[in-house]
Amino acid sequence: IGAKRVIARVQQEDWAQLHRGVAHGLLGVDVVINPQVLLASEIAKITKSHGASHVIDLANDRIELVEMELGEKGRMLHKPLSKLSFPPQTLIAAIVRDGELFVPVGPDVMQPNDRIYLLGQSGKLEAAEDLFSNQREAHSICIVGGGVVGTALAHQLASDGVDVLIIEKNRAR
């Protein structure tokens, strides 16, 4: 009907195998999106992180932005950023303190309960996350529910070497 771009939202299980929930140029449609699989991808990224509450892929998955909440204690607190050593290709892009966002510079220090945003090359941020958290990626996961989200999440985690157990009342599923 003359549309310049066509985007389709799908949700049936038949469409659950879309790569990370998005396909381009499928059946003449510019972009096909399965929000349930996108949700599973987001959960998988957080599960594999070392304490992040959000993980956002940028630049075709070459760069990640990770949000972390700092606790009351930590070896990186109260030290000027210029004195801290970060892994290569990572940096603190922003800090939110008392509801105010700012881009930190050398003399700024992180304080308890700050929310920080780490930016870096994909695959390199785990080392930076380890500076602020003692959490590790999950190696064993239990998922309750084997619907589209649970199944897509299980497939993604299993392909990354995570042991997955799904609890589902429908035995065939």
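Rules and cut-offs
Residues numbered from 1 in each chain as written. Predicted model: local features only at pLDDT ≥ 70, side-chain atom pairs only at ≥ 80, totals over all residues. Heavy atoms only, no water. 1 Å grid on protein atoms, 1.4 Å probe; cavity = no way out; pocket = protein on both sides within 12 Å on 5 of 7 lines; lining within 4 Å. Points joined across faces, edges and corners; volume = space filled by probe spheres on them. Helix = DSSP H or I, 4+ residues; strand = E, 2+ residues; numbered from the N terminus. Nonpolar A, V, L, I, M, F, W, Y, C, P; charged D, E, K, R; others polar. Pairing = 2+ DSSP bridges. Axes fitted to C-alpha atoms, helices over the stretch in contact; angles between N-to-C directions. Expected span 1.5 Å × (residues − 1). Contact = heavy atoms within 4.5 Å. pLDDT = per-residue confidence, 0-100. Core = buried A, V, L, I, M, F, W, Y, C linked by side-chain atoms within 4.5 Å. Buried < 20%, exposed > 50% of the residue type's maximum accessible area, 1.4 Å probe, protein only. Salt bridge = Lys/Arg side-chain N within 4 Å of Asp/Glu carboxyl O.

Engineer: Explain the layout of surface pockets to me, please; I cannot follow it from the model alone.
Structural biologist: With a probe scaled to a water molecule rolled over the atoms, the places where space remains empty come into view. One number sums up the size of the second largest pocket: a volume of about 220 Å³. Lining of the second largest pocket is provided by 13 residues; of these, Lys45, Lys48, Asp57, Glu64 and Glu126 occupy positions nearest its centre. For the lining of the second largest pocket, the secondary-structure elements that each account for two or more residues are helix H1 (35-48), strand S4 (54-58), strand S5 (63-69) and helix H2 (125-130). Grouping the amino acids of the lining of the second largest pocket by side-chain chemistry returns two nonpolar, three polar and eight charged.

Engineer: What exactly am I supposed to notice about the sheet that holds strand S7 (residues 100-102) here?
Structural biologist: Two pairing modes exist for strands in a sheet, parallel and antiparallel, and in both the strands are linked by backbone hydrogen bonds. The sheet built from five strands is open, its strands ordered S4-S5-S8-S6-S7 with antiparallel pairing. Each edge of the open sheet carries a strand with a single partner, namely S4 and S7. Direction aside, neighbouring strands of the sheet carry axes that sit 20° apart on average. As paired elements, S4 and S5 share five bridges and run antiparallel to each other. Residue pairing in the sheet places histidine 54 in a bridge with glutamate 67 of S5.

Engineer: For this particular structure, what's the right way to read helix H3 (residues 148-159)?
Structural biologist: In an α-helix, one full turn covers 3.6 residues, which means residues spaced three or four apart are oriented alike. End to end, H3 covers 16 Å across twelve residues, agreeing with the expected 16 Å (1.5 Å per residue, within 8%). Contact partners of the buried residues in H3: H1, strand S9 (140-144) and strand S10 (163-167).

Engineer: How should I be thinking about the environment of alanine 8 in this particular structure?
Structural biologist: Its place among the elements puts alanine 8 in strand S1 (residues 7-9). Residues alanine 8 and isoleucine 56 lie 48 residues apart in sequence; the distance between their C-alpha atoms is 22 Å. Residues contacting alanine 8, with those up to four places away along its chain left out, are Val29, Val31, Val32 and Ile33.

Engineer: When you look at the confidence of the model for the protein in this model, what are you seeing that I'm missing?
Structural biologist: A low pLDDT score tells you not to read the predicted coordinates there in detail. With 94% of its residues at a pLDDT of 70 or more, the protein shows a mean pLDDT of 85. Highest mean pLDDT in the protein belongs to S7 (95); lowest belongs to strand S2 (residues 22-26) (79).

Engineer: Any chance you could explain the nonpolar core here in plain terms?
Structural biologist: If you look at the biggest cluster of nonpolar residues, it comprises 18 residues, and the most contacted ones within it are Val66, Met68, Ile92, Met110, Ile116, Leu118 and Phe132. Apart from the residues lying within four places of it in its own chain, the contact partners of valine 66 are Ala52, His54, Val55, Ile116, Tyr117, Leu118, Leu125 and Glu129. Ranked by size, the runner-up nonpolar core spans eleven residues in total, among them Val37, Ala40, Ala44 and Leu153.

Engineer: Looking at this model, I keep getting lost on the pattern of salt bridges. Mind explaining?
Structural biologist: Think of it this way: side chains of opposite charge can pair up when their charged atoms draw near. Using the criterion set out here, one finds five salt bridges in the structure. Notably, a salt bridge pairs aspartate 57 with lysine 45, separated by 3.1 Å at the nearest N-O pair. Taken together, the residues aspartate 57 in strand S4 and lysine 45 in helix H1 connect sequence positions twelve residues apart. On the accessibility criterion, aspartate 57 (22% relative accessible area) is partly exposed. Between arginine 115 and glutamate 69 there is a salt bridge; the shortest N-O distance is 3.5 Å. One end of the pair, arginine 115, is in strand S8 (residues 115-121); the other, glutamate 69, is in strand S5, with 46 residues separating them in the sequence. Relative accessible area serves as the criterion here: at 26%, arginine 115 is assigned to the partly exposed category. Salt bridges sharing partners connect three or more residues here, namely Glu42, Lys45 and Asp57.

Engineer: When you look at the sheet that holds strand S3 (residues 29-33) in this model, what are you seeing that I'm missing?
Structural biologist: Read across the open sheet, the three strands follow the order S1-S3-S2; overall the sheet is mixed. Edge positions in the sheet fall to S1 and S2, since each has one partner strand and no second. When the angles between neighbouring strand axes are averaged without regard to direction, this sheet yields 25°.

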